[in-house]
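Structure at a glance
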Amino acid sequence: DYAGANAGGDLKIITAYTEYLAHQNPDEMNQNNQIAYWANMYNALTLKVVLENYPVSSIRKIKSGFKAGPWDKDAVTVNGETMSLNDIEHGTLRKNYPNPSMVHYMVNCASIGCPNLHNKLWVGETLDADREEAARDYINSPRGATIDGNDLEVSSIYKWFKEDFGDSKAGTLEHLRKFAGPELKAAIDAGAEIDGYEYDWNLNE
């Protein structure tokens, strides 16, 4: 509800939250809390940049120089290092921690095609259970995978970041099967193959 958030002055609250996080030292946290910290930072900064530019039909309309999207623009300084959204997601979360495939269910890029924006903060104590739930929610939604006979249309996330999912369609299928509900699991077990990719960049409002 970006319109409601703007009307309610939530940008000030989110800005204060990102500033609060920026004054923490994630290096002093345990690994799960570090992962939660960076995911919360990414999501809050994404909300912040959308609200700063709202109304906008897609986050890709908010450019970094000549590039679509704000992902390469300096967004925050933590421990003296100035970072962009891409630095947080790809240079930190996917690079420095185990299970990079699970990062994609934690961070939200303000688009309909993305996994859901978690309705509470990520915390280290429940990190594994919460992100597995997020993976199941996404994979078993039409945004994650759609069954058409023996064909599957899946999110473009599984193509853009295929190295996080076994670096192959077979690896992606095994990942999907791990979190699949009965219908999707039955289709994969029956030999369904990935036949296409889809992603909706419209703003998630």
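These notes cover the structure that comes with them. Starting afresh in each chain, residues are numbered from 1 along the sequence in its written order. In view of the model being predicted, local features appear only for residues whose pLDDT reaches at least 70, and side-chain atom pairs are presented and counted only at 80 or more, with totals across whole chains, interfaces and linings using the full set of residues. Working from all heavy atoms in the structure, the side-chain values ignore hydrogens and water.

A short note on the pattern of salt bridges
Between Lys or Arg on one side and Asp or Glu on the other, a salt bridge is scored when a side-chain nitrogen of the former is within 4 Å of a carboxyl oxygen of the latter. Considering all chains together, one arrives at seven salt bridges under this definition. We note a salt bridge from Glu163 to Arg94, for which the minimum N-O separation is 3.0 Å. Of this pair, Glu163 sits in the loop between helix H7 (157–160) and helix H8 (169–179) while Arg94 sits in helix H4 (residues 85–96), and the two are 69 residues apart along the sequence. Where Arg94 meets Asp164, a salt bridge forms, and the shortest distance between an N and an O atom there is 2.7 Å. Placement of the pair is Arg94 in helix H4 and Asp164 in the loop between H7 and H8, with a sequence separation of 70 residues. When its relative accessible area of 12% is taken as the criterion, Asp164 is described as buried. Here the salt bridges share partners, and the residues they tie into one network are Arg94, Glu163 and Asp164. Numbering goes from the N terminus for both helices and strands, where a helix is a DSSP run of H or I of at least four residues and a strand is a run of E of at least two. Burial status follows relative accessibility: with a 1.4 Å probe on protein chains alone, a residue under 20% of its type maximum counts as buried, one over 50% as exposed, and anything between as partly exposed.

Looking at the sheet that holds strand E5 (residues 193–198)
Note on pairing: two strands pair once DSSP finds at least 2 bridges between them. Spatially, the three strands line up as an open sheet ordered E3-E4-E5, and their pairing is mixed. Here the strands that pair on one side only, and so sit at the sheet edges, are strand E3 (145–148) and E5. Averaged over all neighbouring strand pairs, the angle between strand axes comes to 25°, with direction disregarded. Bridge count for E3 against strand E4 (residues 151–155) is four bridges, and the pairing is antiparallel. Each bridged residue has a counterpart across the sheet, and for Thr146 the counterpart in E4 is Glu153. Axis lines are fitted to C-alpha atoms, over the contacting stretch for helices. Their N-to-C directions set the angle, which ranges from 0 to 180 degrees.

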